[in-house]
Amino acid sequence: MIALVTGGNRGIGREVCLQLAELGHTVLLGSRSPVAEELGGDIVPLRLDVTSAADIAQVAATVSERYGRLDALVNNAAIAYDTWQSAASADLDAVREAAETNLYGPWRLTQALLPLLRESAHPRIVNVSSEAASLTNMGGGTPAYGTTKVALNALTRMLAAELRADGVLVNAICPGWVATDMGGPGGRPVAAGAAGVVWAATLPDDGPTGGFFRDGRPLPW
Ligand SMILES: NC(=O)c1ccc[n+]([C@@H]2O[C@H](COP(=O)([O-])OP(=O)(O)OC[C@H]3O[C@@H](n4cnc5c(N)ncnc54)[C@H](OP(=O)(O)O)[C@@H]3O)[C@@H](O)[C@H]2O)c1
């Protein structure tokens, strides 16, 4: 399998790259800064700022030339867990900036890579979301993060419906509270958070689509 992971240089994304490589897959590690460390396995670093249309076009061209297909796209990169903001007084420029990375980035990247995903026999799209996007459990706070992840969940549902006939399985995954730079100390280990993402990237053909999961179990939208 050939998988592309955005934000693969640290946190959950890095661990997803390691776990997919451990399973024997070819991993394209998207990162907006050069990756200095040698991660081992079949891990290929690619420059990819998900807010850059030029980077996205270049990645699509590179994957097309080298592999002619893509089996799994993991939209993991995200910003702005804005615990310091409330919806009532949020800086809307910050919300807009969050949307560039958390919504438009995955959306544009998915559009650019769809022709290559359609070349796969088992195409999968994983949108790394958060329980903070669950409308059922929605309270106040983290407005930039919450609204952009809600929109990512909506995109997940739409893509799943539109691509079902093509066999593309599209799901939103919450990794749980994970001890990363974003999650802070106290969360569970990155390996546990990444496992649920890897699960969705490696679903069998009769696996779910258009779902919202954590640890392979459904979450309320
Ligand atoms: N940690 C948690 O508790 C938790 C809970 C629920 C959901 N999640 C979700 O899990 C995913 C990974 O989170 P994390 O905890 O690993 O976060 P993290 O430690 O803050 O890492 C974020 C990653 O996204 C990358 N990134 C940010 N903007 C980017 C851009 N424009 N282009 C490309 N890469 C970009 C970062 O790259 P740089 O190094 O260049 O900044 C970094 O690799 C996110 O979607 C997050 O919302 C996390």
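No experiment lies behind these values; they were computed from the predicted model shown. (Residues numbered from 1 in each chain as written. Predicted model: local features only at pLDDT ≥ 70, side-chain atom pairs only at ≥ 80, totals over all residues.)

S.K.: What is the right way to read the overall build of the protein from this model?
M.R.: Within the protein, the secondary structure is distributed over five helices and eight strands. Every one of the 221 residues in the protein was classed for burial, and the buried ones make up 44%. Across the protein, the fraction of contacts at a sequence separation of at least 24, relative to all contacts at a separation of at least 6, is 66%. (Helix = DSSP H or I, 4+ residues; strand = E, 2+ residues; numbered from the N terminus. Buried ≥ 20, exposed ≤ 12 C-beta atoms within 10 Å, placed from the backbone. Contact = placed C-beta atoms within 7 Å.)

S.K.: Help me understand the sheet that holds strand 5 (residues 124-128), please; the structure alone is not making it clear to me.
M.R.: Pairing between sheet strands relies on hydrogen bonds along the backbone, with the strands arranged either parallel or antiparallel. The mixed open sheet is built from eight strands, whose spatial order is 3-2-1-4-5-6-7-8. Single-partner strands in this sheet number two, and they are strand 3 (43-47) and strand 8 (217-218). Alignment of strand 1 (residues 2-5) against strand 2 (residues 26-31), held across four bridges, turns out to be parallel. Looking across to strand 2, one finds that Val5 is bridged to Leu29. Here helix 2 (residues 53-66) sits on the sheet and contacts strand 1, strand 2 and strand 3; the angle it forms with strand 3, its principal contact strand, is near 145°. (Pairing = 2+ DSSP bridges. Axes fitted to C-alpha atoms, helices over the stretch in contact; angles between N-to-C directions.)

S.K.: Got a minute to help me understand the site of the ligand in this structure?
M.R.: The ligand sits among 29 residues. The nearest are Gly7, Gly11, Ala78, Thr180 and Gly183. The element that contributes the greatest number of residues to the shell around the ligand is helix 1 (residues 11-22), accounting for three residues. Here the residues of the shell around the ligand are counted per class, giving twelve nonpolar, 13 polar and four charged. (Near = placed C-beta within 6 Å. Nonpolar A, V, L, I, M, F, W, Y, C, P; charged D, E, K, R; others polar.)

S.K.: What's the story with unusual backbone geometry in this structure? I'm lost.
M.R.: Backbone geometry at Ala80 places phi at a positive 65°, although glycine is not the residue there. Structurally, Ala80 is set in the loop between strand 4 (72-75) and helix 3 (92-117). For Asp215, which is not a glycine, the phi torsion comes out positive at approximately 55°.

S.K.: It is not clear to me how the environment of Gln19 should be interpreted in this structure. Could you clarify?
M.R.: Among the secondary structure elements, Gln19 is positioned in helix 1. Overall, the presence of 21 C-beta atoms within 10 Å leaves Gln19 in the buried class. In this structure the C-alpha to C-alpha distance between Gln19 and Gly41, which are 22 residues apart in sequence, comes to 9.8 Å. Not counting residues up to four positions away in its chain, the partners in contact with Gln19 are Ala194, Ala195 and Val198.

S.K.: How should the pairing of strand 6 (residues 169-173) be read in this particular structure?
M.R.: Consecutive residues of a regular strand have side chains that alternate between opposite faces of the sheet. Of all five residues that make up strand 6, five are buried, and the element is covered over most of its length. As paired strands, strand 5 and strand 6 are joined by five bridges and run parallel to one another. Following the sheet pairing, Arg124 is matched in strand 6 by Leu169. Assessed by its sense of winding, the connection that carries the chain from strand 5 through helix 4 (residues 143-163) to strand 6 is right-handed. In the sheet, strand 6 pairs with strand 7 (residues 212-214) via two bridges, with the strands oriented parallel. (Right-handed = clockwise from strand over helix to strand, strands pointing away.)

S.K.: Sorry if this is basic, but what is going on with the pairing of strand 5 here?
M.R.: Across the five residues of strand 5, five count as buried, placing the element largely inside the fold. Burial along strand 5 is two-sided: the residues Arg124, Val126 and Val128 and Ile125 and Asn127 are all buried. Bridging between strand 4 and strand 5 involves four bridges; their strand directions are parallel. The residue of strand 5 that forms the bridge with Val74 is Val126.

S.K.: How do you make sense of the nonpolar core when you look at a structure like this?
M.R.: Across soluble globular proteins, you tend to see nonpolar side chains buried next to one another. Membership of the largest hydrophobic core comes to 53 residues, with the highest contact counts inside it found for Ala3, Val16, Val74, Val126, Val197 and Ala201. If sequence neighbours within four positions are ignored, Ala3 has contacts with Leu20, His25, Val27, Leu28, Asp71, Ala72, Val74 and Ala201. (Core = buried A, V, L, I, M, F, W, Y, C linked by C-beta atoms within 7 Å.)

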